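# Descriptive analysis of the structure
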Amino acid sequence: MQFSTVTTDRELLRLEQDWRILLANSSANALFSSFELADIFWRVFGARGKLRIVCVHRNSQLIGIFPLYLSQRRVMKYFNLRVLQWVGTGGDTSPDYLGGIVHADYDDQHEALCGQAVNFLQDEWDLCELRDMQQRIDIDDLRKVCQSGLLFADNTERPIILAELSTDWDSYLAKLSSNRRQQIRRARRKAFDKEGIQLDRLTSAEQLQHWFDSLVELHHKRWQQKGEGEHAFKTTNYNDFHRTLMASMLEGNALRLWGLSKDGRLIAVLYCLTDGVTTYYYQGGFDTDYDELKPGMVLMSCAIEEAIKEGCTHFNMMKGDYDFKRSLAKEEDRTFSVRLVRSTLSGFVYSLRFIFLPRVKSIFLK
């Protein structure tokens, strides 16, 4: 195995074709491990860090790409903490199903290759946060691979709510509770028959800015009404990232922006992505002036029905454990995160502040 590192924007662009070929021959998520997402993320957020994409070759064949980058954080005001994480996460954005891309012929070596990629950069980081991964990475294996020794290591799992779709809408509804079925049917009749609301979908790049602005406005309005502030779309970088990602995914027929229109005005928008097998729900928003029509439930149910019509087998609710998701989806998936702290001064300070002191405090507060 030969390991090398891509560190510049120009090298990243030269990797594009090989990245696409490798991804097509791997089990990595086709959307969230795509070159498009990594490239857009780096163009928007790249000023915050240093690119460290580890490439693995065997006998001149590219068999692995581990899209990583370095950033810095201040710990206790005086210490710089060097953080290694996936391209695609950090700042205020963090998709699910991130991780390395490994050729299918070497899938059984994914865990070992990931550990070696992290170890290859061992002198450059104090904290390694590999969040929201598609595949589980064993902590004990990572400890063995990291030759310089670790001060601390842990891993966590996060449930992802998932709906296994049926071959038709009525069969899917039959899997829900009787109460939820009645609510959906009643809300849809009221919205479409009585109120004259229309189901709409973005199909034109010329309308993307209008749809994006409507999504942001409706998302903020919904979360402000709940008294929890603006949950997403709060920063320029976040908005630039998703606007650009939407444009790219629209061009590749992977974007599904669904909307409900009332008198020509969008009153609800749902932001989804699809790979043809699974539709992923990313974000949404609706006009709280129409709460009595349950526009969120109506639009989500329509998005699920359309996914069934397109032949998708799953509707993935992504991260966030909310009652409305569990009322529509009965299955679960998992994503995995790993945290490693090296035995450096900054690593020790981080561990003291964010790991050991909170644990001591929790003991005394019991």
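This text follows the structure it describes.
Below: a short report on this structure. (Residues numbered from 1 in each chain as written. Predicted model: local features only at pLDDT ≥ 70, side-chain atom pairs only at ≥ 80, totals over all residues. Heavy atoms only, no water.)

### Focus: the overall build of the protein chain
Heads up, the rule is: Only DSSP runs of H or I reaching four residues or more are called helices, and only runs of E reaching two or more are called strands; each is numbered from the N terminus. Relative accessibility under 20% of the residue-type maximum defines a buried residue, over 50% an exposed one, and the middle range a partly exposed one, all with a 1.4 Å probe and only protein chains included. Pairs of residues are marked as contacts when any of their non-hydrogen atoms sit within 4.5 Å. Only four residue types enter the charge count: Lys and Arg as positive, Asp and Glu as negative, with His and the chain ends excluded. A single reference atom marks each charge: NZ on Lys, CZ on Arg, CG on Asp, CD on Glu.
Looking only at helices and strands, the protein chain has 12 helices and 13 strands in total. Judged by the C-alpha coordinates and their principal axes, the protein chain covers about 65 × 55 × 35 Å. When each of the 366 residues of the protein chain is scored for burial, the buried share is 52%. Relative to all contacts within the protein chain whose residues are 6 or more apart in sequence, the contacts with residues 24 or more apart total 71%. Taken as two groups, the 48 positive and 49 negative side-chain charges of the protein chain have centres that lie 6 Å from each other.

### Thoughts on the nonpolar core
Nonpolar side chains tend toward joint burial in soluble globular proteins. We apply this condition: Among the buried residues, those of types Ala, Val, Leu, Ile, Met, Phe, Trp, Tyr and Cys that are joined through side-chain atoms within 4.5 Å form a nonpolar core.
The biggest cluster of nonpolar side chains holds 52 residues, and the ones touching the most others in it are W19, F32, I53, L255, L257 and Y271. Within the second largest apolar cluster, 35 residues are counted, among which are W258, M297, I308 and M317.

### What about the packing of aromatic side chains?
Heads up, the rule is: Stacked, tilted and edge-to-face are the three classes assigned to paired rings of Phe, Tyr and Trp, where Trp is represented by its six-membered ring and a pair needs centres within 6.5 Å; plane angles under 30 degrees give stacked, over 60 edge-to-face, the rest tilted. Geometrically, a charge over a ring is one whose NZ (Lys) or CZ (Arg) sits within 6 Å of the ring centre while staying within 35 degrees of the ring normal.
In this structure the tally under the stated criterion is 18 aromatic pairs. Residues W19 and F35 carry aromatic rings whose centres are separated by 5.6 Å and whose planes lie at 80° to one another, so their mutual orientation is edge-to-face. Here W19 is found in helix α2 (residues 16–24), whereas its partner F35 is found in helix α3 (residues 35–45), with 16 residues between them in sequence. Between Y97 and Y280, the ring centres sit 6.0 Å apart and the planes meet at 65°, which makes this aromatic pair edge-to-face. Residue Y97 is located in the loop between β4 (79–86) and β5 (101–102), and its partner Y280 is located in strand β11 (residues 278–286); the two are separated by 183 residues in the primary sequence. Residue Y97 is classed as buried on the basis of its relative accessible area of 4%. In this structure an aromatic cluster arises from ring pairing among F32, Y97, Y271, Y280 and Y282. We note R201 situated over the ring of W258; from NZ or CZ to the ring centre the distance is 5.6 Å.

### Section: the pattern of salt bridges
Stated precisely, the cut-off is as follows: Here, a salt bridge means any Lys or Arg side-chain nitrogen found within 4 Å of an Asp or Glu carboxyl oxygen.
Going through the model one piece at a time under the given rule, you end up with 23 salt bridges. Between E36 and R20 there is a salt bridge, with the nearest N and O atoms lying 2.6 Å from each other. Here R20 lies in helix α2 and E36 lies in helix α3, a separation of 16 residues in the sequence. Relative accessible area serves as the criterion here: at 37%, R20 is assigned to the partly exposed category. D287 is the partner of K221 in a salt bridge, and the nearest nitrogen-oxygen pair spans 2.8 Å. Of this pair, K221 sits in helix α8 (residues 208–225) while D287 sits in the loop between β11 and α10 (295–309), and the two are 66 residues apart along the sequence. Shared partners join several salt bridges into a network, and the residues in it are D96, D132, R158 and K319.

### As for the packing of α2 against α3
Formally: Axes here mean lines fitted to C-alpha atoms, for a helix over just the part in contact, with angles spanning 0 to 180 degrees between N-to-C directions. In this scheme, roughly parallel covers angles under 35 degrees and roughly antiparallel covers those over 145, while 65 to 115 is roughly perpendicular and the rest are oblique. Here the nonpolar group is Ala, Val, Leu, Ile, Met, Phe, Trp, Tyr, Cys and Pro; Asp, Glu, Lys and Arg are the charged ones; every other residue, Gly included, is treated as polar.
Where α2 contacts α3, the axes come no closer than 10 Å and their chain directions differ by 140°. Considering their axes alone, α2 and α3 lie oblique with respect to each other. Of α3, the residues touching α2 (which contributes E16, W19 and R20) are F35, E36 and A38. A class-by-class count of the residues in the contact of α2 with α3 yields three nonpolar, no polar and three charged.

### Quick look at the packing of α3 against helix α9 (residues 236–251)
The condition that has to hold: Here a crossing is called left-handed whenever its near helix is offset anticlockwise from the far helix by less than a right angle, and right-handed whenever the offset is clockwise.
Following both chains from N to C, one finds α3 and α9 inclined at 150°, their axes separated by 9 Å at the closest point. Relative to α9, the element α3 is oriented roughly antiparallel. As for how α3 packs across α9, the hand of that crossing is right-handed. In this structure, α3 contributes E36, L37, I40, F41, R43, V44 and F45 to the contact, and α9 contributes N237, Y238, D240, F241, T244, L245 and S248. Classifying every residue of the contact of α3 with α9 gives eight nonpolar, three polar and three charged.

### Some words on a nonpolar patch on the surface
Counted only if it meets this: A patch is a set of surface residues, each over 30% in relative accessible area and not in a salt bridge, joined within 9 Å for like charges and within 5 Å for the nonpolar side chains Val, Leu, Ile, Met, Phe, Trp and Tyr. Here, Shrake-Rupley sampling with a 1.4 Å probe gives the accessible areas, and only protein chains in the shown set may cover a residue.
A cluster of nonpolar residues, L151, F348, L352, F356 and L357, forms a patch on the protein surface that exposes about 410 Å² of accessible area. Examining the composition of the nonpolar patch, we find that four residues originate from one element, helix α12 (residues 345–365), more than from any other. Looking at the secondary structure, you find F356 in helix α12. A residue is classified by how much of its surface remains accessible, and F356, at 33% relative accessible area, is partly exposed.

### Here's the deal with unusual backbone geometry
In this model, N59 sits at a positive phi of 55°, which is unusual for a non-glycine residue. Along the chain, N59 falls in the loop between β2 (49–58) and β3 (61–75). Among the residues examined, N59 registers a relative accessible area of 65% and is labelled exposed.

### Side note on the environment of L130
Positionally, L130 belongs in strand β6 (residues 127–133). A relative accessible area of 0% places L130 in the buried class. L130 sits 208 residues away from V338 along the chain, and the two C-alpha atoms are 5.1 Å apart. Among residues more than four places away in sequence, those in contact with L130 are L68, W86, C114, V118, F336, S337 and V338.

Scope: geometric values only; no functional claims are made or implied.
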